[in-house]
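The residues making up each chain are set out below.
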Amino acid sequence: FFGGAKPAPAPVVPPPPAPKPASFSFFGISSPSSVKGAKAAAPKGAPKAKAAKKVVPKKRSKTSGTIALNKPDEKKSGGFSFFGGGAKAAVKDNIPVLTRFAQNPDGSITGLISNSKSFRTGTRITTSPVPKGAKAGMVVRTKSGSQYRLK
């Protein structure tokens, strides 16, 4: 009973591997065999399977996954925009910029200033007189010597 020979345990045979489920992908490809030109490796000695149906990927829309706040054909009004959308490239000089400006009868210009060391952005200022006929896109010099880019 206590010191006798033990019976030999039955050999353990591992079960055959289960087929793998299709893998998950964010890009719409579920397995390597569905990739164009890729061939799945078959185990040696396995019978050849019939040709699988050709997988045709779904057509994707040409829009991105982001949220558009303005329609692309709408004219932008200069309002709020996420990530600086639609902002034109800034000129990399130190000339102050006047926007929403008007030339006064005396030749001075009143407008909102930005890119200035002396004034906060958005402050309404009036310059010294400049030559008549100032238009957007010009850089004007006042009689006192200051320069302003008009936008």
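Residues numbered from 1 in each chain as written. Predicted model: local features only at pLDDT ≥ 70, side-chain atom pairs only at ≥ 80, totals over all residues. Heavy atoms only, no water.

Looking at the side chain of Thr127
Test applied: Labels follow the DSSP assignment, with helices taken as runs of H or I lasting at least four residues and strands as runs of E lasting at least two, numbered in each case from the N terminus. Note on contacts: a residue pair is in contact if any heavy atoms of the two residues lie within 4.5 Å.
Its place among the elements puts Thr127 in the loop between β3 (123-126) and β4 (139-141). Beyond its immediate stretch of four places on either side in the chain, Thr127 contacts Leu98, Ser108, Ile109, Thr142 and Tyr148.

Remarks on the pattern of salt bridges
The condition that has to hold: Should a side-chain nitrogen of Lys or Arg be within 4 Å of a carboxyl oxygen of Asp or Glu, the pair is scored as a salt bridge. Type-normalised accessible area, obtained with a 1.4 Å probe on protein chains alone, sets the label of each residue: buried when under 20%, exposed when over 50%, and partly exposed for intermediate values.
For the structure shown, the criterion picks out 1 salt bridge. The residue Arg149 makes a salt bridge to Asp93 at a minimum N-O spacing of 2.2 Å. Separated by 56 residues along the polypeptide, Arg149 in strand β5 (residues 147-150) and Asp93 in the segment before β1 (97-103) bring together distant segments of the chain. Owing to a relative accessible area of 24%, Asp93 belongs among the partly exposed residues under this scheme.

Observations concerning the sheet that holds β5
To be explicit about the condition: Criterion used throughout: strands pair if DSSP finds at least two bridges between them. Under this scheme, a helix contributes an axis fitted over its contacting stretch, all axes are lines through C-alpha atoms, and angles between N-to-C directions fall in the 0 to 180 degree range.
The 5 strands lie next to each other as β3-β2-β1-β5-β4, forming an open sheet whose pairing is mixed. Of all strands in the sheet, those with a lone pairing partner are β3 and β4, marking the two edges. When strand polarity is set aside, the average angle formed by the axes of neighbouring strands in this sheet is 40°. As judged from the 5 bridges shared by β1 and strand β2 (residues 109-114), these two strands associate in the antiparallel manner. Residue pairing in the sheet places Ala102 in a bridge with Thr110 of β2.

Quick look at the pairing of β5
Across a regular strand the side chains alternate sides, sitting on one face of the sheet and then on the other. As judged from the 2 bridges shared by β1 and β5, these two strands associate in the parallel manner. Its bridge partner being in β5, Leu98 is matched across the sheet by Leu150. Across 3 bridges, β4 lies against β5 in antiparallel orientation. Counterpart to Arg141 in the pairing with β5 is Gln147. The antiparallel pairing of β4 with β5 creates a hairpin that spans 5 residues between the two strands, and Gly145 there sits at a positive phi of about 105°.

From the geometry alone we can't say anything about function, so treat these as descriptive.
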